[in-house]
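Structural overview
Read off the chains here:
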Amino acid sequence: MDVEHKQLVQLLPLLPLLAELGRTQHVTATAEVLGLPQSTVSRAVSRASAIVGTELLVRDGRGVRLTPAARALLPHIEAALAGFQAGLDLVRHESDVVRGRIAVSFQHTFGEATLPLLISAFRNRHPQTAFDLSQGARDGCLAELAAGAADLALTAPVAAPGRRIASAALYREPLRLVVHHRHPLAGRAGAKLADVRQDPFVALGPGYGMRSLTDALFREAGFRPRIAFESQDTHTVRGLVSAGLGVSILPPGGLAPGRHTAERQGDLGWVEIPLESALAFREIGVAWRERPGGADAEPDALRLFRELVLTEGPALLAGFVRERSGS
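First things first, this report covers the structure right here in the doc. Keep in mind it's a predicted model, so treat the numbers as computed, not measured.

Topic: the pattern of salt bridges
With the rule as written, the count across this model stands at 14 salt bridges. With its nearest N and O atoms 2.7 Å apart, the salt bridge here joins Asp267 to Arg182. Taken together, the positions of Asp267 in the loop between strand S10 (248-250) and strand S11 (270-274) and Arg182 in the loop between strand S7 (176-180) and strand S8 (200-204) put the pair 85 residues apart, joining distant regions of the chain. Notably, a salt bridge pairs Arg211 with Asp215, separated by 3.3 Å at the nearest N-O pair. In this pair, Arg211 and Asp215 are both assigned in helix H8 (residues 209-221), 4 residues apart and thus about one turn of the helix distant. When its relative accessible area of 29% is taken as the criterion, Asp215 is described as partly exposed. A cluster of three or more residues bridged by salt bridges with shared partners is formed by Arg176, Arg238 and Glu272.

And the structure:
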């Protein structure tokens, strides 16, 4: 290593300190900004002066000022640091593309198992992929997708394909009538909506996927339910039913807390009853925005995740549906 190159190597770690000193014109202020002892800054300036071969600072009263040599050197220091920062930003950006960052919008009920199962399967192969998750009502999920805030949306019912939106069904699961465990229908093997015509109904709010499905079921049954409560999540709906405040229609809850079993004691609890209707199911699907240039214009991580969801997702989720519904 020649002398000049060795001096350059010694000087490089001092460049950020010299650049900050050029901005503050004060050793103490520079030390405070960089979080260093003042003595460390002073020694670093002395070392830099020795390496450059000329003084970089001179005392001016209680402060310091840059020498002509330092003022001539400072623009080159700042340019070097700016160039390095630009290169670092580029590397980080490319690294982020390689690792991938995927924004998924999903309905609340898919946060317990559906989405985690899909992400887990993908992260087993691509552990550096990052996910930005947003949950809410079906209408909100599709609005985020259309606006570009989400790359994919998991909804039920499946989003209708449009000019810029594509979609595909992944799996179906039955809808069940959910009643308090002491309800007269609790021991039945099946029920019709007409059987709960007089019961208060606990519904999901407008804009939620389940609300559109239950509305369709009641239209088929020929009457409107007497809605006692509207909620924004199925946990609260089950809680209200568990307290005997109404009945509801929901996807199977598996062994979710509150499901009544022979061992369960107390008055809180709910049971699920199969509904006798050809419409008593929900179809879950994924939707995505079509990009100009097709799949080739997508980041690799997004393309690979969508391919996994479409090709392996149905089989992966079928076992979950069977387990949760007890079929």
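Side note on H8
With 13 residues, H8 extends 19 Å from end C-alpha to end C-alpha; this agrees with the ideal 18 Å at 1.5 Å per step. Buried residues in H8 make contact with strand S3 (101-107), helix H7 (138-147), S8, strand S9 (226-231), S10 and strand S12 (281-289). Of the residues trailing H8, Gly222 is marked for its positive phi of about 85°.

Thoughts on the side chain of Thr155
With respect to the helices and strands, the residue Thr155 is situated in strand S5 (residues 152-155). Side-chain polar atoms of Thr155 contact the backbone oxygen of Pro157, separated by 3.0 Å. Once residues within four sequence positions are removed from consideration, Thr155 is found in contact with Gln107, Phe110, Arg138, Cys141, Leu142, Glu283, Ile284 and Gly285.

Observations regarding the sheet that holds S3
Pairing is mixed in the open sheet, where 5 strands are placed in the order S4-S3-S5-S12-S6. Unpaired on one side and paired on the other, strand S4 (130-136) and strand S6 (165-174) mark the two borders of the sheet. Between one strand axis and the next, the sheet turns through 20° on average, direction left out of account. As paired elements, S6 and S12 share 9 bridges and run antiparallel to each other. Residue pairing for S12: Ile165 is matched across the bridge by Arg289. Helix-sheet contacts for H7 involve S3, S4, S5, S6 and S12, and the interaxial angle to S5 is about 165°.

About the cut-offs
- Residues numbered from 1 in each chain as written.
- Predicted model: local features only at pLDDT ≥ 70, side-chain atom pairs only at ≥ 80, totals over all residues.
- Heavy atoms only, no water.
- Salt bridge = Lys/Arg side-chain N within 4 Å of Asp/Glu carboxyl O.
- Helix = DSSP H or I, 4+ residues; strand = E, 2+ residues; numbered from the N terminus.
- Buried < 20%, exposed > 50% of the residue type's maximum accessible area, 1.4 Å probe, protein only.
- Expected span 1.5 Å × (residues − 1).
- Contact = heavy atoms within 4.5 Å.
- Polar contact = N/O pair within 3.5 Å; in protein donor to acceptor, adjacent residues only side chain to side chain.
- Pairing = 2+ DSSP bridges.
- Axes fitted to C-alpha atoms, helices over the stretch in contact; angles between N-to-C directions.

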